[in-house]
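Topology and contacts: notes
Residues per chain, in single letters:
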Amino acid sequence: MTETQLAGNTGASPLAPEWLAVPSDLNALHKPMWAAGVDRNDGGELAIDGIPVSELKAQFGSPLFVMSETDFRARARAFKDAFDAAFEDICGGVDVYYAGKSFLCTAVASWVAEEGLRLDTCSGGELAVAARAGIDGADLGLHGNNKSDAEINRALDMKLGRIVVDSLDELERVAKIASARGEVAKVMLRLTPGVHAHTHEFIATAHEDQKFGLSMAGDSTEEAGLSAAEEAVAAATAYPGVELLGLHCHIGSQIFEPEGFALAAEKLLVFLAAMQAKYSITLPELDLGGGYGIAYTPVDTPRPAAEIAQAMAAVVRSTCAQLGITAPRISIEPGRAIVGSSTFTLYEVGTLKTVRVDAPAAAGAAENVTFPRRYVSVDGGMSDNARPVLYDADYSAVLASRTSLAEPQLSRVVGKHCESGDIVVRDVYLPADVAAGDLLAVPGTGAYCWALSSNYNYLARPGVVAVRDGAARWIVRGETEEDLLNRDMGVANV
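This one's a predicted model, so the numbers in the text were calculated from it and none came from an experiment.

Counted under the stated rule, the structure contains 32 salt bridges. The partner of Asp 157 in a salt bridge is Arg 181, and the shortest N-O contact between them spans 2.7 Å. Within this pair, whereas Asp 157 is found in helix H6 (residues 149-157), its partner Arg 181 is found in the loop between helix H7 (168-180) and strand S9 (185-192), the two being separated by 24 residues in sequence. Overall, the relative accessible area of 52% leaves Asp 157 in the exposed class. Between Arg 461 and Glu 479 there is a salt bridge, with the nearest N and O atoms lying 2.7 Å from each other. Placement of the pair is Arg 461 in the loop between strand S19 (439-443) and strand S20 (464-468) and Glu 479 in the loop between strand S21 (471-476) and helix H13 (481-486), with a sequence separation of 18 residues.

Counting residues in each nonpolar core, the largest one holds 112 residues, and the members touching the most others are Phe 83, Phe 87, Tyr 98, Phe 103 and Leu 189. One finds Leu 56, Phe 344, Leu 439 and Ala 441 within the second-largest nonpolar core, a separate group that totals 22 residues.

Moving on to the pairing of S20. Of all five residues in S20, four are buried; the element is thus mostly enclosed. Inspection of the sheet shows strand S4 (residues 64-68) paired to S20 by four bridges, in the parallel sense. Bridge pairing in S20 places Phe 65 opposite Val 464. Here five bridges tie S20 to S21, and the two strands are oriented antiparallel to one another. When the sheet's bridge partners are listed, Arg 468 is paired in S21 with Ala 471. Counted along the chain from S20 to the antiparallel partner S21, the turn is two residues long, and its residue Asp 469 has a positive phi close to 50 degrees.

This paragraph deals with the side chain of Glu 126. Its location among the elements puts Glu 126 in helix H5 (residues 124-132). For the buried residue Glu 126, which engages in no salt bridge, the nearest side chain bearing the opposite charge is Lys 101, 8.7 Å off. A polar side-chain atom of Glu 126 sits 2.6 Å from the main-chain amide nitrogen of Cys 122.

On to helix H2 (residues 53-60). Those residues of H2 that sit buried are Val 53, Leu 56 and Phe 60. The arc that holds the buried residues of H2, viewed along the axis, is 55 degrees, so those residues lie on one side. Exposed side of H2, more than 90 degrees from the buried face: Ala 58 and Gln 59 are the residues found there. Of the residues trailing H2, Gly 61 is marked for its positive phi of about 85 degrees.

Reading the values: rules and limits
- Every chain is numbered on its own, with residues counted from 1 as its sequence reads.
- Given that the model is predicted, a residue must reach a pLDDT of at least 70 before its local features are reported, and side-chain atom pairs must reach 80 or more before they are shown or counted; all residues, however, enter totals for whole chains, interfaces and linings.
- To get the side-chain values, all heavy atoms of the structure are used, and hydrogens and water are removed first.
- Think of a salt bridge as a Lys or Arg side-chain nitrogen and an Asp or Glu carboxyl oxygen that are within 4 Å of each other.
- To qualify as a helix, a DSSP run of H or I must reach at least 4 residues; to qualify as a strand, a run of E must reach at least 2; elements of each kind are numbered from the N terminus.
- Burial classes: relative accessible area under 20% of the type maximum marks a residue as buried, over 50% as exposed, and values in between as partly exposed (1.4 Å probe, protein chains only).
- Residues belong to a common nonpolar core when they are buried Ala, Val, Leu, Ile, Met, Phe, Trp, Tyr or Cys residues joined through side-chain atoms within 4.5 Å.
- Between any two strands, at least two bridges found by DSSP are needed for them to pair.
- We count Lys and Arg on the positive side and Asp and Glu on the negative side, and we leave His and both chain ends out.
- We call two N or O atoms a polar contact when they sit within 3.5 Å, provided that within protein one can donate a hydrogen and the other can accept it, with sequence-adjacent residues counted only if both atoms are side-chain atoms.
- An arc is given here, and it is the one of the directions from the helix axis to the C-beta atoms.

Structure, rendered in structure tokens:
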């Protein structure tokens, strides 16, 4: 039996995952994975707003995060406009908080404000970025399961619009700090509705067995019959240093199915109605979180913002009508869905090698039949994209510096770090003639790539370039070796 017969005469490698098809055109771009304005120019080179990647490489180096400011702004505005329209008759519109943890710098914070969004932060450092960008505290939220006293005080100093409290202990600390200052903290309670999102265990955040949120399950505290969520509501209404704005949930990340969002919304509205009736209070706000998926590969099917908004509005509208309550002001927290596809990472190819790998049992091959897998090494890796090693995340890649008519070859794009798990793209078909010095582009790297970047092996972290109207500029400068050594205090600077 030949290798071609084992591959089913399709050109596909038996080593490739089932979802990965051989592209009919290796030079084509799957548009949902890329920012608007990214295309091949007349010479076949990948370009953004008309700027070829070779020019970006020459000016800014590589690896390099390349972001379309126009695309970012358009996606941010699309969420705001779509949700405002869908919820206008329910609660007068929606407060859209950009999830800064996905990617944040002062330029991005400014764009968020200019497009009419608010900003969600998770640390004192992110609050510092917001302050440097001149964002009004009323338009900021602070998350985190273990906020320090300094972070809580900073939130109060900045008069934050909301502090999202994650536990009973934290609620008590926020209340004490606010009371000691003679102030009132505006608080939302983060609940875990127990809705399972079909995502990686480490980024699914609404099940019970994890660090986030207050459980809605009964008998979870010493006070029999009260869940932690209800005990928090009762405590928050009694603390003089707390104004309880409402409830919050977040069911996970990179979610495509709408059912999880709908179920979470229904469960929280039922709970909200019960708490309002039992404690004779009004909870005017409900945050339904984020987690909307994007296209990392050609098989991912992200939903347009308008479709997400309409589906969620239908559930909120019908549930509030059934419960006989006035709908709370809804807020959401998209991050990845705004910034993810706005950005690609540009790499230069270095060494290449091909290994022979035993055929999977499913291929029906004899034990002595092996298949080639090519390793394409680039000048970055897990220090600029930790998601594959953390979450088994899949990405795609294209030959960016030129087109090619060579045959497709199953490839694994890997980094230059001293780790066998240093994989940027686990499986992708690239032209067989990819060579050292070529440029590769990996789309969908705007979210959680720069944010999770490191200096492993003492690599300097790449910078971020924003492109708009045919011009490129740094919004985050790339690090230098001098930057790395400036914090090393072992040898006095001479």
